[in-house]
Amino acid sequence: MDDKEGNDRRSHVRGETSGSEEETTECKLQDELVHILKYCVKKMKARHNKVPEIIVKVKLNGMPIDMELDTGASVSLISEEFYAKHLKNTKTSKLEELLRKYGDVFDGELGTTKNIKAHIRVRKDAKPIFYKARTVPYAIKDAVNAELKRLELEGVIEKADYSEWAASIVPVSKDNGSIRICGDFKVTINRYVENPEHSMPNPNELYQRLNGGKTFSKLALSQAYQQVELDEESRKYVTINTPLGLYRYITQRFTIWCLSSTTTFSVFMDKVLQGVPCGCTIDDISLTGRTEAEHLHNLEKVLERLHINGLKCNLSKCEFMKPSLKYLSFIVDEEGIHMTEDAIAAVTEAPRPESRSEMQSFLGL
């Protein structure tokens, strides 16, 4: 190699070559990463990529921008210049700020109550009842075992070496093909449970709380009952006998069959939301405000209580600042309470009663 060629190569590395980038395709230094990134990248891409770049037009904050479609990357990049010009001073809404501030409430994980545990009150004359494990159909046996393992891993149930109480399980197939496991407590603990004296949520009370609002929000608790832990004394009563042995519930997942669960959870939610202007119907929390500022203030109070008590919401089922809210067969909006079209159609399109019993049935007697 003569002196002139050596000088050209060194100049090339320093970026001082007199030739354009198009003339660097025969460079001998393509094994040096910095050099490749600075000078040879275009030609190397052209040499190795057989598919041309796909450019798509997208809008970011209302500004059109060309971006390269890259299915091999998890992120797309924008230039520093574009960010400084169009995005640096972007303002977020008050609602977005609230959701970001209490992001842990919507993180998708199973919540666990921090300040209270549920207790099952049992009559003094209760006698332990133990049922053997039922035979599970072979077709769903693997699915049942997998669900038991999943529940154990998530902290919903725990292994029990011994128990005087045990209920058989009832596997229920869900629409998506998965299995829900329920304890058949109606033949064991239910007959001895003492329900707390507590009035359940009344729809009319909810409508009154939402009266006068301009916009409406609804927070849907994620797997609500499972977020409330049982105290140690109560866990023995909700033991289940399965093909994998004895398990006992740690949380209120047993609610599908145990009588006290709904009342216990309602009492708990009343304590969590005490003093906050909202309505709670089991696992849905509804709220409003006469102004946007009041609505956001009430929403923050609810999110703060949920955060403090370790409760989580399912963001995909929540609604925020909506002009109306549907509950049961009614729609609540700024003008008041209205029946849904489906509820009206159920009456207007009902078959004409032909007998006394049909008329009584139609009237709900």
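Residues numbered from 1 in each chain as written. Predicted model: local features only at pLDDT ≥ 70, side-chain atom pairs only at ≥ 80, totals over all residues. Heavy atoms only, no water.

**Remarks on the sheet that holds strand β7 (residues 239-242)**
Within a sheet, each strand pairs with its neighbour through backbone hydrogen bonds, oriented either parallel or antiparallel.
Stage number 1. One open sheet accounts for five strands, arranged β3-β8-β7-β4-β5; its pairing is mixed. The open sheet has two free edges, formed respectively by β3 (157-159) and β5 (179-183), since each of these has just one partner strand. Each adjacent strand pair in this sheet contributes to an overall mean axis angle of 40 degrees, direction not counted.
Stage number 2. The pairing of strand β4 (residues 167-173) with β5 spans five bridges and is classified as antiparallel. Counted as the bridge partner of serine 173 is isoleucine 179 from β5.
Stage number 3. Helix α5 (residues 138-153) contacts β3, β4, β5, β7 and β8 (245-249) of the sheet and is inclined by roughly 70 degrees relative to β5. (Pairing = 2+ DSSP bridges. Helix = DSSP H or I, 4+ residues; strand = E, 2+ residues; numbered from the N terminus. Axes fitted to C-alpha atoms, helices over the stretch in contact; angles between N-to-C directions. Contact = heavy atoms within 4.5 Å.)

**Focus on the environment of isoleucine 55**
Stage number 1. With respect to the helices and strands, isoleucine 55 occurs in strand β1 (residues 55-60).
Stage number 2. Classification of isoleucine 55 by relative accessible area gives partly exposed; the value is 46%.
Stage number 3. Filtering out sequence-adjacent residues up to four positions away, isoleucine 55 remains in contact with Asp66, Met67 and Glu68. (Buried < 20%, exposed > 50% of the residue type's maximum accessible area, 1.4 Å probe, protein only.)

**Considering the packing of aromatic side chains**
Stage number 1. Throughout the structure, instances matching the rule amount to six aromatic pairs.
Stage number 2. Summarising the aromatic geometry, the rings of tyrosine 207 and tyrosine 327 are spaced 6.1 Å apart at their centres and angled 70 degrees between planes, so their arrangement reads as edge-to-face. With tyrosine 207 in helix α6 (residues 203-210) and tyrosine 327 in strand β12 (residues 324-327), this residue pair connects regions lying 120 residues apart in the sequence.
Stage number 3. In textbook terms, an aromatic cluster arises when at least three aromatic residues are bridged by ring pairs, as seen for Trp165, Tyr192 and Tyr237. (Phe/Tyr/Trp six-rings, centres within 6.5 Å; stacked < 30°, edge-to-face > 60°.)

**What about the environment of leucine 148?**
Stage number 1. Within the secondary structure, leucine 148 is located in helix α5.
Stage number 2. By relative accessible area, leucine 148 is classed as buried at 0%.
Stage number 3. Considering only alpha carbons, one finds leucine 148 and threonine 242, 94 residues apart in sequence, at a separation of 8.6 Å.
Stage number 4. When near neighbours in sequence (up to four residues on either side) are disregarded, leucine 148 contacts Ile157, Ile181, Thr242, Pro243, Leu244 and Tyr247.

**With respect to the confidence of the model for the protein chain**
Stage number 1. Taken residue by residue, the protein chain gives an average pLDDT of 79. The fraction at 70 or more is 75%.
Stage number 2. The secondary-structure element of the protein chain with the lowest mean pLDDT is helix α1 (residues 3-14), recorded at 46, while β7 shows the highest, at 95.
Stage number 3. The low-confidence segment residues 4-26, where pLDDT is below 50, has 27 contacts with residues more than four positions distant or belonging to other chains. (pLDDT = per-residue confidence, 0-100.)

**Details of the sheet that holds strand β6 (residues 215-220)**
Stage number 1. Pairing in this open sheet of four strands is antiparallel, and the strands run β9-β10-β6-β11 from one edge to the other. In the strand order of this sheet, the two ends are held by β9 (279-281) and β11 (319-322), each with one partner. In this sheet, neighbouring strand axes are inclined to one another by 15 degrees on average, regardless of whether the strands run parallel or antiparallel.
Stage number 2. Those strands touched by helix α9 (residues 292-309) are β6, β10 (284-289) and β11, and its axis lies near 150 degrees from that of β10.

**Thoughts on helix α11 (residues 356-363)**
For an α-helix the count is 3.6 residues per turn, leaving residues at separations of three or four pointing the same way.
Stage number 1. Little of α11 is tucked away: zero of the eight residues are buried.
Stage number 2. Following α11 by one or two positions, glycine 364 has its phi on the positive side, about 75 degrees.

**Section: the state of the cysteines**
Stage number 1. All told, the structure shown has zero disulfides when counted by the stated rule.
Stage number 2. You can see cysteine 278 has no disulfide; the closest cysteine sulfur is in cysteine 280, sitting 6.9 Å from it. (Disulfide = S-S within 2.5 Å.)

**Looking at the pattern of salt bridges**
Stage number 1. Counting across every chain of the model gives 16 salt bridges.
Stage number 2. Among the charged side chains, a network of salt bridges with common partners joins Glu158, Glu232, Arg235 and Arg248. (Salt bridge = Lys/Arg side-chain N within 4 Å of Asp/Glu carboxyl O.)

**Observations concerning the nonpolar core**
Stage number 1. Of all hydrophobic cores here, the largest spans 54 residues; its most connected members are Leu219, Leu221, Tyr249, Met269, Ile285, Val302 and Leu306.
Stage number 2. Only α4 (94-101), α5, β4, β5, β8, α8 (261-272), β10 and α9 provide two or more residues apiece to this core.
Stage number 3. In this structure leucine 221 touches Gln227, Phe265, Met269, Ile282, Asp283, Ile285, Leu306, Leu311, Lys312, Cys313 and Asn314, once residues within four positions along its chain are discounted.
Stage number 4. Counting residues in hydrophobic clusters, the runner-up holds six residues, among them Leu206, Leu210, Phe216 and Val332. (Core = buried A, V, L, I, M, F, W, Y, C linked by side-chain atoms within 4.5 Å.)

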